[in-house]
Structures are given as C-alpha cells and as structure tokens.
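Observations on chain architecture
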Amino acid sequence: MALAEFSPSSTKTRLIPSQLSSKSTTTHLYSGYRLPVLRSRRLKSAKVFCSVAPNQVQAPAVAPTPTNKANKAECFGVFCVTYDLRAEETTKSWKSLINIAVSGAAGMISNHLLFKLASGEVFGQDQPIALKLLGSERSFQALEGVAMELEDSLYPLLREVSIGIDPYEVFQDVEWALLIGAKPRGPGMERADLLDINGQIFAEQGKALNAVASRNVKVIVVGNPCNTNALICLKNAPNIPAKNFHALTRLDENRAKCQLALKAGVFYDKVSNVTIWGNHSTTQVPDFLNARINGVPAKEVIKDPKWLQEEFTERVQKRGGVLIQKWGRSSAASTAVSIVDAMRSLVTPTPEGDWFSTGVYTNGNPYGIAEDIIFSMPCRSKGDGDYELAKDVIFDDFLRSRIKRTEAELLAEKRCVGHLTGEGNAYCDLPGDTMLPGEQ
C-alpha cells in the first residue's frame, strides 16, 4: 500500500511508502463535506502530507501531548484530501459530525456493527459520523483492514475513520463510546478472575473517557460481565454523569420478544413492554408479567403459567448457547443489531405506553432495587439521548423473588471488584457460576 503526498503548489502526485507501523491513523472520506482533521500521537517519523487550501501551511507530523490540539493529521489508505467547499456546497444542510468510539473494533461484533452505523441506521440519513476504532497491538493490522473496507464501501455519511491502540487518543471528544472489547473467558478461568481481568480494562477506559471524551458522552458497555464492567467504568469517570452509562441487555430483550411471539403465534412487532431485569447472566429475569401482546397482557394471551415461569426464562437464557451448538460461533450479528437497537432507543422517542431494557445506574430508582449497581430496568426516552425509568410497572411475588436473586449476584460482583471502584480491597463471595452459555 502507498500513501499519496500532495503539494498545494503542484498537481503532481508522488507515492511514498505507507507508515503501517504507526499505531494511529486517520481516514478522511470524500463526500462533499468539509472534513474535520485529527492528529496522531503514535507516528514518530511519518512525513505524510495531504493537499491543503492555499491559506494552510504544510508541516511534518508531530506527536503532541494529550492537551496539544494540532491541526494536521496522518491519513489512512491510499490518499486523503482536504479542500474548500464550492460556493453551492456551503448551502447544503448537514448536522454537526457525531464522533463514535468503538473498542474491540477488529472483532466479529464490530464487523457487523460498524457498517450499520456508517449506513445511517442509528442517527438517520442526514447525520454524518466519524468512527474512532480502538484495538490492540495484536489487532492493529486487522483494524487497518476494517478501515479499508469502510473506505471501499463509500458510505456518504461516514466522513472519517481513525484507528489506534491508545484510549486517551481514540476517545478524544467522542459523544458515544461503544465498549465491546473484552477478554473472553478461557478454560478453567473462574468468574472472579474474569471480573478482575476485564475490570482492569474498563477501569482504564473509564479514566480515558473521563479525561478526554465529551462531558455528555453516552457509554454502552458490551464486553462481559457487562453490568459490573459498566459500573467499574462509571466509577473511574467521575466527571461524566452516572446516568450516561449503560450495560447492554437489549439482545436478551430481543430474544425474549422472539420467544413470546413464537409462543403466541404473532409477529415480533405485536410484542411490547418486555423487560429484562438485573444482570446479563443466568440470573437475569425476562419479565412476562408486564409484557403485552397486541396490547393485551401476555399472561392473558399465553395461558400456560408453567411455560411462562420456567421454559420461557430458560429459552431466553440459553439461546446463545444453542446458537453456538448449531452454528459453531457466537451471536455476533444479532449482538450488533441489539447495539443499534439500544442506541436508537435513546435517540428516538419511545412509542407511547412502551419501554425498552437497558442496564443503568440504580441510584434513585422507584422499584426498591439496591443502589450503586448497574441493573437492567425498563426505560423510556424522549429521543434526546437521555432516559427515564418507566412508571406503571407491576410486580408480583414471583417477579420480586427473581429480581432479588439477580440483585444479590450484582452486589456480590461489586464486592469482587472493590479494588477497581475505589471501595477498598476486593472480597469475592460469588454465589455460583452464572455465566450465560455463549459468553464464556
């Protein structure tokens, strides 16, 4: 691969070797929009230039400190272009660019997710975005491949792609952070070990978000155990509102809707008000008591209490494991869809009377759930990125007993990561191995 060196005083193009050994590069995608420019902190000796307007000055790439906002950037791929908009283009109406960071960006989930984001599925067809992809030393070449595919897809809304391994760089000014990357559970690994290993990753990412991200960044944690990882991230980002942190339980909700629709013999869009309570584990509580089918309580449509209380929950919990047995791989595509669903639920007004599930901070909740944990609950949004907890939720003894069990597990996980949340020494007394099939 080669990069093109441009000069404002010449129309000739000279190809120079690509600086692929660098650990942070930026892709600028040409689509009739003035591109914002990022810089790299990783390139030490690159001398890559892009074409510039006459009033700009070319300079070699530098490695600034986190507080030094340079105006130059290294470009990913064959070439990059900066240019002055023609007069008629300046009148075109575009929203301000949204910066979205994705960790674990070279993984299978991201391989589905990034193209959905770039196509406008979340923010609409008039909203340009920039993707900031976080990987590791080992995955850096794969990140370059991802960036190349995004380039070749010619998405008109995707104005920039940058890749890097330093969260303090990648998270700069981001308004959304989708934290997917986490270490999978290896053979013989205890759940407490996984909490500690992945917890350290999310503690560091929380600190980076706190230092450089937008003060109103929305954070969705996907890497497991996602509830407690989200809590760790939150505790390490005290300058970001606690309400802005989410743990992904939307895939569990989607699976629950699927099972209710199959049992009732209706299509998915007839199922509403489905809640996943608690942890993303086998203690999670798919709520059939509040669920509705064609606006009617699910219990009145599915007149099979044994199925609802036993088989329904088991099917939702084991769906991922069954998928692996059938296909030999985990649910990457449906996880990506659920991330899109979770984001869209926050930027689109919730339909009247309905709600959605997401793991959020419990302080001030009206349901009697213990405070200071991340717990999946029913939420509504006005479409402004914020949410409120749903009202008119009903409980019975069966539902409350299930909720108490998943609450106890999350409190135990919290004690297990006290050293990462600023609460002193860790003490692990986990009630058992509740990792979901397919998450191990």
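A brief look at the structure comes next. (Residues numbered from 1 in each chain as written. Predicted model: local features only at pLDDT ≥ 70, side-chain atom pairs only at ≥ 80, totals over all residues. Heavy atoms only, no water.)

Below, the discussion takes up the overall build of the protein. Across its full length, the protein holds 11 helices and 17 strands. Counting all 440 residues of the protein, 54% fall into the buried class. In the protein, 73% of the contacts between residues at least 6 apart in sequence involve partners at least 24 apart. On the protein, roughly 19400 Å² of surface is accessible, and the fraction owed to carbon and sulfur atoms is 52%. (Helix = DSSP H or I, 4+ residues; strand = E, 2+ residues; numbered from the N terminus. Buried < 20%, exposed > 50% of the residue type's maximum accessible area, 1.4 Å probe, protein only. Contact = heavy atoms within 4.5 Å. Areas by Shrake-Rupley, 256 points an atom, 1.4 Å probe, with all protein chains shown as cover.)

Going through the model one piece at a time under the given rule, you end up with 9 aromatic pairs. A ring pair is formed by phenylalanine 267 and tyrosine 268, whose centres lie 4.7 Å apart and whose planes are at 40°; its orientation type is tilted. Residue classification places phenylalanine 267 among the exposed positions, given a relative accessible area of 56%. The partly exposed category is assigned to tyrosine 268, whose relative accessible area is 45%. Between the NZ or CZ atom of lysine 243 and the centre of the ring of tyrosine 387, over which it lies, the distance is 5.0 Å. The residue whose ring lies beneath arginine 400 is phenylalanine 395, and the NZ or CZ to ring-centre distance is 4.2 Å. (Phe/Tyr/Trp six-rings, centres within 6.5 Å; stacked < 30°, edge-to-face > 60°. Lys NZ or Arg CZ within 6 Å of the ring centre and 35° of its normal.)

Spatially, 10-13-14 is the arrangement adopted by the 3 strands of the open sheet, whose pairing is antiparallel. The open sheet has two edge strands, strand 10 (271-272) and strand 14 (296-297), and neither has a second partner. With 2 bridges joining them, strand 13 (residues 292-293) and strand 14 adopt antiparallel strand pairing. Across the sheet, the residue bridging to arginine 292 is proline 297, located in strand 14. (Pairing = 2+ DSSP bridges.)

Note on soluble globular proteins: their nonpolar side chains tend to be buried together. Residues Ile100, Leu117, Leu131, Leu133, Leu150 and Trp277 are the most contacted members of the largest nonpolar core, which totals 55 residues. Considering every element that reaches this core, the biggest residue donor is helix 9 (residues 332-347), with 6 residues. Counting 26 residues, the second-largest nonpolar core is a separate cluster that includes Leu134, Val174, Cys226 and Leu231. (Core = buried A, V, L, I, M, F, W, Y, C linked by side-chain atoms within 4.5 Å.)

Right, let's talk about the side chain of glutamine 127 for a bit. Locating glutamine 127 in the fold gives a position in the loop between helix 1 (108-118) and strand 5 (129-134). A residue is classified by how much of its surface remains accessible, and glutamine 127, at 7% relative accessible area, is buried. Among the polar contacts listed, one links the side chain of glutamine 127 to the backbone oxygen of serine 96, at a separation of 2.6 Å. Setting aside its immediate chain neighbours within four residues, glutamine 127 contacts Lys95, Ser96, Leu97, Ile98 and Leu157. (Polar contact = N/O pair within 3.5 Å; in protein donor to acceptor, adjacent residues only side chain to side chain.)

Alternating positions in strand 7 (residues 176-179) separate into two faces, Trp176 and Leu178 on one and Ala177 and Leu179 on the other, with burial throughout. Relative to strand 7, strand 4 (residues 98-103) runs parallel, the two being bridged by 4 bridges. Residue pairing in the sheet places valine 102 in a bridge with leucine 178 of strand 7.

You can see alanine 242 is positioned in the loop between helix 5 (226-235) and strand 9 (245-247). Its relative accessible area of 23% is what places alanine 242 among the partly exposed residues. Along the chain, alanine 242 and tyrosine 361 lie 119 residues apart, while their C-alpha atoms are 6.6 Å from each other. Contact partners of alanine 242, with chain neighbours within four places excluded, come to Leu234 and Tyr361.

In short, the description is geometric, and any link to function would need to be established separately.
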